[in-house]
Amino acid sequence: MPTVLIDADGCPVVDLTIRVCKGHGVPVLILCDTAHRIERAGAETLVFDKGADSVDFALVNRVKAGDIVVTQDYGLASMCLARRARVLNQNGLEYTAGNIDALLERRWQSKKLLRAGKHPKGPAKRTKEQDAAFAKALDEILRGTAAL
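Each chain has its residues counted from 1, running along the sequence as written. For a predicted model such as this one, the threshold for reporting local features is a pLDDT of at least 70, and the threshold for listing and counting side-chain atom pairs is 80 or more; totals across whole chains, interfaces and linings nevertheless cover every residue. Only hydrogens and water are set aside; all other atoms, that is, all heavy atoms of the structure, feed into the side-chain values.

Asks: Before we go on, may I ask you to explain the packing of helix H2 (residues 54-62) against helix H3 (residues 74-82) in this structure?
Replies: Between two packed helices, both the angle of their axes relative to each other and the distance between the axes serve to describe the pair. Here H2 crosses H3 at 15°, and the two axes come no closer than 10 Å. Taken together, the axes of H2 and H3 are roughly parallel relative to one another. As H2 runs across H3, the sense of the crossing is right-handed. Counted together, Asp 56, Phe 57, Leu 59 and Val 60 of H2 and Leu 76, Met 79 and Cys 80 of H3 form the full contact between these two elements. Taken together, the residues that form the contact of H2 with H3 break down as six nonpolar, no polar and one charged. The axes are straight lines fitted to the C-alpha atoms, using for helices just the contacting stretch, and the angles between their N-to-C directions are given from 0 to 180°. Each helix is a run of DSSP H or I of at least 4 residues and each strand a run of E of at least 2, with the numbering of both proceeding from the N terminus. Geometric relationships in this document are graded by angle, where less than 35 degrees denotes roughly parallel, more than 145 denotes roughly antiparallel, 65 to 115 denotes roughly perpendicular, and other angles denote oblique. Each crossing gets its hand from how the near helix is turned against the far one by less than a right angle, where anticlockwise is left-handed and clockwise is right-handed. It only takes one pair of heavy atoms within 4.5 Å for two residues to be counted as in contact. Asp, Glu, Lys and Arg are counted as charged, while Ala, Val, Leu, Ile, Met, Phe, Trp, Tyr, Cys and Pro are counted as nonpolar; the rest, among them Gly, fall into the polar class.

Asks: Sorry, what's going on with unusual backbone geometry here?
Replies: A negative phi angle characterises most non-glycine residues, just as the trans form characterises most peptide bonds. With phi around 65°, Arg 84 is a residue other than glycine that occupies positive phi space. On the secondary structure map, Arg 84 appears in the loop between H3 and strand S5 (86-88).

Asks: In this structure, what is going on with the nonpolar core? I would like to understand it.
Replies: In a soluble, globular protein the nonpolar side chains are often hidden away together inside. Take the buried Ala, Val, Leu, Ile, Met, Phe, Trp, Tyr and Cys residues and link them wherever side-chain atoms come within 4.5 Å; each set so joined is a nonpolar core. Only protein chains enter the accessibility calculation, which uses a 1.4 Å probe; a residue is then buried when its area is under 20% of its type maximum, exposed when over 50%, and partly exposed in between. Counting 24 residues, the largest nonpolar core has Val 4, Ile 6, Val 14, Ile 30, Leu 138 and Leu 142 as its most contacted members. Taken together, the elements giving at least two residues each to this core come down to strand S1 (4-7), helix H1 (14-24), strand S2 (28-33), strand S4 (68-70) and helix H5 (128-146). Within the second largest apolar cluster, 20 residues are counted, among which are Ala 58, Val 63, Ala 77 and Cys 80.

Asks: Help me understand H3 in this model?
Replies: Each α-helix turn comprises 3.6 residues. Residues three or four places apart therefore point the same way. Listing the buried residues of H3 in full gives Tyr 74, Gly 75, Leu 76, Ala 77 and Cys 80. Within two residues after H3, Arg 84 carries a phi angle of roughly 65°, on the positive side.

Asks: Whenever I open this one, the sheet that holds S1 confuses me. Can you help?
Replies: The strands making up a sheet associate through backbone hydrogen bonding, with each pair oriented either parallel or antiparallel. Criterion used throughout: strands pair if DSSP finds at least two bridges between them. Overall, mixed pairing links the six strands, which are arranged S3-S2-S1-S4-S5-S6 in an open sheet. Looking at the sheet topology across the chains shown, the edges are occupied by strand S3 (44-48) and strand S6 (94-95). Here S1 pairs with S2 via four bridges, running parallel. Bridge pairing in S2 places Val 4 opposite Val 28. The strands touched by H2 within the sheet are S1, S2, S3 and S4, with S2 carrying the most contacts at an inclination of about 150°.

Asks: Just checking my understanding: could you explain the packing of aromatic side chains for this structure?
Replies: Geometrically, a pair of aromatic rings is defined through the distance of the ring centres and the angle of the planes. The criterion for an aromatic pair is that two Phe, Tyr or Trp rings (for Trp, the six-membered ring) have centres within 6.5 Å, with stacked assigned to planes under 30 degrees apart, edge-to-face to planes over 60 apart and tilted to the rest. In total, this model carries one aromatic pair according to the counting rule given. Here Tyr 74 and Tyr 95 contribute two aromatic rings whose centre-to-centre distance is 5.8 Å and whose plane-to-plane angle is 80°, an arrangement assigned as edge-to-face. Note that Tyr 74 is positioned in helix H3 and Tyr 95 in strand S6, a separation of 21 residues in sequence. One exposure class covers both Tyr 74 and Tyr 95, and it is buried.

This is the structure in structure tokens:
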């Protein structure tokens, strides 16, 4: 059985993830730092020192093949894919070997623009449709892994 690991710092779908996983009897592990301590019934929480990528490295060291990771971080997603985990973002997009390079390239281009002083608009307010798309994608992955 897989475990769902949540990169919880800034994650808008912690509660939704726990709800979907509960319906499948899948354990949930929340990983966060001391500045973003997130504890929820129905999940185990691991808290790490505040610092650059401390949670990311802790998550990568715990993830196993077949686990499911929820993160917005393309770099972390790439490392988890290398460990043969399934990886979803908060909107239900599954990161794969087929799309991660383009996403990492886009991130690099965005950082280049920021260094040049060009600041893009921030993300739009989260919608119910995004929550529904995430719940559907996670549910489909959990149904698929249960059949294996």
